[in-house]
Amino acid sequence: NSGVLTLESAVYRVSANGIERLFGGGDVVSTGSPIEDFGDVVSFVANAKGSILAYGDAAGGWGLFLRHEGRLDVVRYGTPAQWGLADNDDVVMLDANALLASRSGRTRVIARTDDRTLPGAPFGAFGNLLVRGDLAIFSAVGGQDHDRYFWYRPDDDTLREVAAALAPGRLLDITPGRGILQ
């Protein structure tokens with residue numbers, strides 16, 4: 001140490017064993033690119049396994065990075081409108097007019113706003129993404145008749161509509177027991 005105070009943006013985990021630095025500026029992702037900066041505020045979420053999904057800047061540009069299983073991977077460059085992390089390490093994203101999921105470096109489209117298989121489609125936009133445990137829920141607005149909410153489990157990717165009794169426009173959340181709260 002040269003005795004010079006430096007400012008570093010990083011993500012740390014505090015446990016009974018002490019403080020562990022998970023990742024931050026200067027670390028190298030699995031593609032070989034260094035993380036350059038997270039800025040003044042690091043946006044991140046964690047799951048029950050202890051994996052961390054964060055938004056930051058690497059040599060390829062701003063993007064989402066997943067720290068899991070002892071490594072740091074690039075999920076994607078660019079910033080989706082909303083994103084979350086499931087307990088199985090699936091990264092769920094709303095981007096433009098699509099719901100996307102990424103697992104093991106492969107991103108797939110789960111639904112599009114113009115997907116005619118969704119009740120009420122086409123929709124103007126998706127929003128209100130919420131990911132808890134092994135459930136994801138999101139809203140579809142600007143449809144043929146009324147706005148709707150859909151949910152799915154990242155392990156099966158089958159979209160299901162939230163019961164009409166849980167009308168859009170109300171705050172929804174997911175319980176640890178996989179129930180939908182209103």
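Owing to the predicted nature of the structure, the values given are computational and were not obtained by experimental measurement.

**Digging into the sheet that holds strand β10 (residues 98-103)**
No. 1: The four strands are arranged β8-β9-β10-β11 in an open sheet whose pairing can be described as antiparallel. Looking at which strands have only one partner, the edges of the open sheet turn out to be β8 (82-85) and β11 (106-112). Taken pair by pair, the neighbouring strands of this sheet meet at an average axis angle of 20 degrees, ignoring direction.
No. 2: With four bridges joining them, β8 and strand β9 (residues 91-95) adopt antiparallel strand pairing. Residue pairing for β9: Trp-83 is matched across the bridge by Met-93.

**Remarks on the environment of Thr-158**
No. 1: For Thr-158, the location among the structural elements is in the loop between β14 (148-152) and β15 (160-161).
No. 2: Sequence-wise, Thr-158 and Ile-110 are 48 residues apart; in three dimensions their C-alpha atoms are separated by 8.2 Å.
No. 3: Residue contacts for Thr-158: discarding those within four places in its chain leaves Trp-151 and Tyr-152.

How each quantity is defined
Per chain, residue numbering runs from 1 following the sequence as it is written. Note on the predicted model: pLDDT of at least 70 is required for a residue's local features to be given, and 80 or more for side-chain atom pairs to be given and counted; whole-chain, interface and lining totals, by contrast, use all residues. Side-chain descriptors were evaluated using all non-hydrogen atoms of the structure, hydrogens and water having been removed beforehand. Note on pairing: DSSP must find at least two bridges between two strands before they are called paired. For the purposes of this entry, the term helix denotes a DSSP run of H or I that reaches at least four residues, the term strand denotes a run of E that reaches at least two, and both are numbered from the N terminus. Axes here refer to lines fitted to C-alpha atoms; in helices the fit is confined to the stretch in contact. Angles between the N-to-C directions go from 0 to 180 degrees. Contacts are residue-level and defined by heavy atoms, with any inter-residue pair within 4.5 Å sufficient.

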